[in-house]
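# Structural overview for review
Spelled out from the first residue to the last, the chains are:
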Amino acid sequence: MRRVIISTIGTSLLTNQINRANPDEKDWYSHLRDTANLSEKETPENVKNIISTLKQRADAQLSSAKISQIRRSSAELNGIYGIYQENLSQGKEDIHFLIATDTAQGKTSAQIVEDFLRKQGVNNINIPHLSGLSTASTEAFSLGIDELIVWLQKTIPPLKESQYKICFNLVGSFKSLQGYLNSIGMFYADEIIYIFEGEKSELITIPRLPIAVDISLIKPHSLQLALLDAGVELAANETVGIPEAMLAEIDGKMMLSTWGQLIWNQCKDELLSGDLLLFPRLEYQNSFSSDYNREREEKPRVKLQETLAKVSCLLTNSNGDTSILKEHGGLQYDKYTNMGDIDHFRITQGVRVSCVSSQGKLILRRYGKEEEVNKNP
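Let us look at the structure shown here. Keep in mind that what you see is a predicted model, and the values were worked out from it rather than measured. Counting from 1, residues in each chain are numbered in the order their sequence is written. In view of the model being predicted, local features appear only for residues whose pLDDT reaches at least 70, and side-chain atom pairs are presented and counted only at 80 or more, with totals across whole chains, interfaces and linings using the full set of residues. Heavy atoms from the whole structure form the basis of all side-chain values; hydrogens and water molecules are not counted.

### Notes on the overall build of the protein chain
Stated formally: Secondary structure elements are defined from DSSP: runs of H or I of at least 4 residues count as helices, runs of E of at least 2 residues count as strands, and each element is numbered from the N terminus. Remark: exposure states derive from per-residue accessible area (1.4 Å probe, protein chains only) relative to the maximum for the residue type, with buried under 20%, exposed over 50%, and partly exposed in between. Between two residues, a contact is recorded if the distance between any of their heavy atoms is within 4.5 Å. Accessible areas in this description were obtained via Shrake-Rupley with a 1.4 Å probe; residue shielding takes into account the shown protein chains only.
Of the regular secondary structure elements, the protein chain holds 15 helices and 13 strands. Taking the principal axes of its C-alpha atoms as reference, the protein chain extends roughly 80 × 45 × 40 Å. Per-residue burial for the protein chain yields a buried fraction of 47% across its 377 residues. Of the contacts made within the protein chain by residues no fewer than 6 positions apart, 58% connect residues no fewer than 24 positions apart. Carbon and sulfur atoms make up 47% of the accessible area of the protein chain, which totals about 18700 Å².

See the structure below:
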């Protein structure tokens, strides 16, 4: 079975290259420690030079070392070698994602691993850009984890549908990132990989546990959660009853927390493929409801309700002014030619909703394939 290997990347590949016996390098570790959370732009020039020198050393060491030495030099590669039983040729058909912090040191470490794997013939490698992910502060880390969860939700389900086995290689990286990904992996991974310390470095494989969200607890709050997911900021009294762990409060407004986003991603398909939710500033004509009820597939229903939540969010923010919808490129909101005041917007390529704007609301008329809606909007 083809696999997707998601490996967390630390910075030990760099720090292991410091020659601590060299007086000229005695302060290098402290320089790296003190700048570990800085982006490439923020990193001082002298530290960039240190990183560059250490990268060259790491590249040279990996290119000439035996497998046992490589595994001792890099926790990340130690895990990957363990997965393939020291035969990387087994992984040429697999997909590798390297998860690194959005820092100069994190990106450089990921680049070292990528370059080495490519030299071994493993070419399907990606380093996702997770803007701001660092351990500089709780806020920065939480925002970075939020972006990671969004990336996982977009990336992993389609690969699972294509029959890939999902493996989280958590041997490397910072403990804080490992901790989060261990929990997140229980939802997305088929197995989580750690490794024993020591000469033989045997794998510890944790299979996916049968974890499921109790949907009955959050189904009554489907509307509020769909709005929060779309970016609506609700007042605290509007989220009463939603499990506390799913919410975060910022400046007096409620938002989905990191775990709230994760839980919502796991159950939204079931919740959004049911009855139409009554989103603020939207009304449904019988013709629209009938079109929706004729759609039996889950994914189109979910996509429609996610789009309606976004439209509702935009109209709420603009106090009903539909010009904000025209500014949203994905919706392609526009007026029909020679059809009075009837407008339309896009759900997906080839799927449209027709509507009429009235008193700060959108009255939705039809939903379906573009050519069918256009004939009788």
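Next comes the rest of the account.
### Some remarks on the sheet that holds strand β6 (residues 203–207)
Strands belonging to one sheet form pairs held by backbone hydrogen bonds; the direction of such a pair is parallel or antiparallel. Quick reminder of the rule: A pair of strands is labelled paired if DSSP reports no fewer than 2 bridges between them. Axis angles are defined between N-to-C directions and span 0 to 180 degrees, where every axis is a line fitted to C-alpha atoms and, for a helix, only to the segment in contact.
Spatially, the 6 strands line up as an open sheet ordered β3-β2-β1-β4-β5-β6, and their pairing is mixed. Looking along the sheet, the strands with just one partner apiece sit at the ends: β3 (125–126) and β6. Both strand β4 (residues 165–169) and strand β5 (residues 191–195) contribute to a ladder of 3 bridges, which runs parallel. If you follow C167 over to β5, its bridge partner there is E191. Here helix α5 (residues 75–83) sits on the sheet and contacts β1 (3–8), β2 (95–99), β4, β5 and β6; the angle it forms with β4, its principal contact strand, is near 145°.

### With respect to unusual backbone geometry
For Q85, which is not glycine, the phi torsion reads 50° and is therefore positive. By the element assignment, Q85 lies in the loop between α5 and β2. Positive phi outside glycine occurs at N319, with the angle close to 60°. Structurally, the position occupied by N319 is in the loop between α13 (298–317) and α14 (323–326).

### What to know about the pairing of β1
Counting buried positions along β1 yields 6 of 6 residues, so the element is predominantly enclosed. Judged by which residues are buried, β1 turns out to be covered on both faces: R3, I5 and S7 on one side and V4, I6 and T8 on the other are all buried. Relative to β4, β1 is paired through 5 bridges, and the arrangement is parallel. Residue S7 lies in a different strand from β4, and its bridge partner there is N169. As paired strands, β1 and β2 are joined by 5 bridges and run parallel to one another. By the bridge assignment for β2, T8 is matched with I99.

### Looking at the sheet that holds strand β11 (residues 342–348)
Sheet architecture is open: 5 strands sit in the order β9-β13-β12-β11-β10, paired in mixed fashion. The open sheet terminates on both sides in strands that have one partner only, identified here as β9 (282–284) and β10 (334–335). Each of β9, β12 (351–358) and β13 (361–369) is contacted by helix α12 (residues 286–294), which is oriented at about 35° to β13, the strand it contacts most. Set on the sheet, α13 makes contact with β9, β11, β12 and β13; between it and β11 the angle comes to about 125°.

### A closer look at the side chain of N265
Mapped onto the elements of the fold, N265 is located in helix α11 (residues 258–272). Aside from chain neighbours lying at most four places away, what touches N265 is I149, Q153 and Y188.

### Considering the pairing of β13
Here 3 bridges tie β9 to β13, and the two strands are oriented parallel to one another. Bridging across to β13, Y284 finds its partner in L364. Note that β12 and β13 share 8 bridges and pair antiparallel. Looking across to β13, one finds that R352 is bridged to G368. Linking two consecutive strands that pair antiparallel, namely β12 and β13, is a turn of 2 residues; a positive phi of about 55° is found at Q359 within it.

### A closer look at the nonpolar core
Put simply, the rule is: To qualify as a nonpolar core, a set must consist of buried Ala, Val, Leu, Ile, Met, Phe, Trp, Tyr and Cys residues joined through side-chain atoms within 4.5 Å.
Counting residues in hydrophobic clusters, the biggest one holds 44 residues, and the most contacted among them are F279, F288, L308, F345, L362 and L364. Counting residues per element, this core draws most heavily on α13, at 8 residues. Formed by 34 residues, the second largest nonpolar core is a distinct cluster that contains A110, I125, V171 and I195.

### Quick notes on the packing of aromatic side chains
Rules: Aromatic pairs are defined between Phe, Tyr and Trp rings, using the six-membered ring for Trp, whenever the two ring centres lie within 6.5 Å; interplanar angles under 30 degrees are classed as stacked, those over 60 as edge-to-face, and all others as tilted. For a lysine, the NZ atom is tested; for an arginine, the CZ atom; a charge sits over a ring if that atom is within 6 Å of the ring centre and within 35 degrees of the ring normal.
Tallying each qualifying case throughout the model produces 6 aromatic pairs. A ring pair is formed by F141 and Y180, whose centres lie 5.1 Å apart and whose planes are at 75°; its orientation type is edge-to-face. Residue F141 is found in helix α7 (residues 138–161), and its partner Y180 is found in helix α8 (residues 175–188); the two are separated by 39 residues along the sequence. Three or more aromatic residues link up through ring pairs in this structure, and these residues are F141, Y180 and W259. Geometry around Y164 places R2 over its ring, the cationic atom sitting 4.1 Å from the centre. The lysine or arginine in question, R301, covers the ring of Y292, its NZ or CZ lying 4.2 Å from the ring centre.

### Let's talk about α11
Our working definition: What a helix is expected to span follows from its residue count: subtract one and scale by 1.5 Å. The angle separating two fitted axes, one through the seven residues that finish at a residue and one through the seven that start at it, defines the bend at that residue.
A rise of 1.5 Å per residue sets the reference length of α11, with its 15 residues, at 21 Å; its end C-alpha atoms lie 20 Å apart and thus fit the reference within 8%. Along α11, the sharpest change in direction is near 45° and occurs at Q266. Taken residue by residue, α11 has T258, G260, Q261, L262, W264, N265, C267, K268, L271 and L272 as its buried positions.

### A closer look at the side chain of T322
On the secondary structure map, T322 appears in the loop between α13 and α14. With residues up to four places along the chain from it excluded, the contact list for T322 reads L315, Y333, S357 and L362.

### Some points on the packing of α5 against helix α6 (residues 104–119)
The following threshold applies: Handedness of a helix crossing follows the sense of rotation of the near helix relative to the far helix, less than a right angle counterclockwise being left-handed and clockwise being right-handed. When residue character is reported, Ala, Val, Leu, Ile, Met, Phe, Trp, Tyr, Cys and Pro are called nonpolar, Asp, Glu, Lys and Arg charged, and the others, Gly included, polar.
The contact between α5 and α6 brings their axes to 10 Å, and the two run at 35°. As α5 runs across α6, the sense of the crossing is right-handed. Listed contacts from α6 to E76, L77, I80 and Y81 of α5 are V113, F116 and L117. In terms of residue class, the contact of α5 with α6 is made up of 6 nonpolar, no polar and 1 charged.

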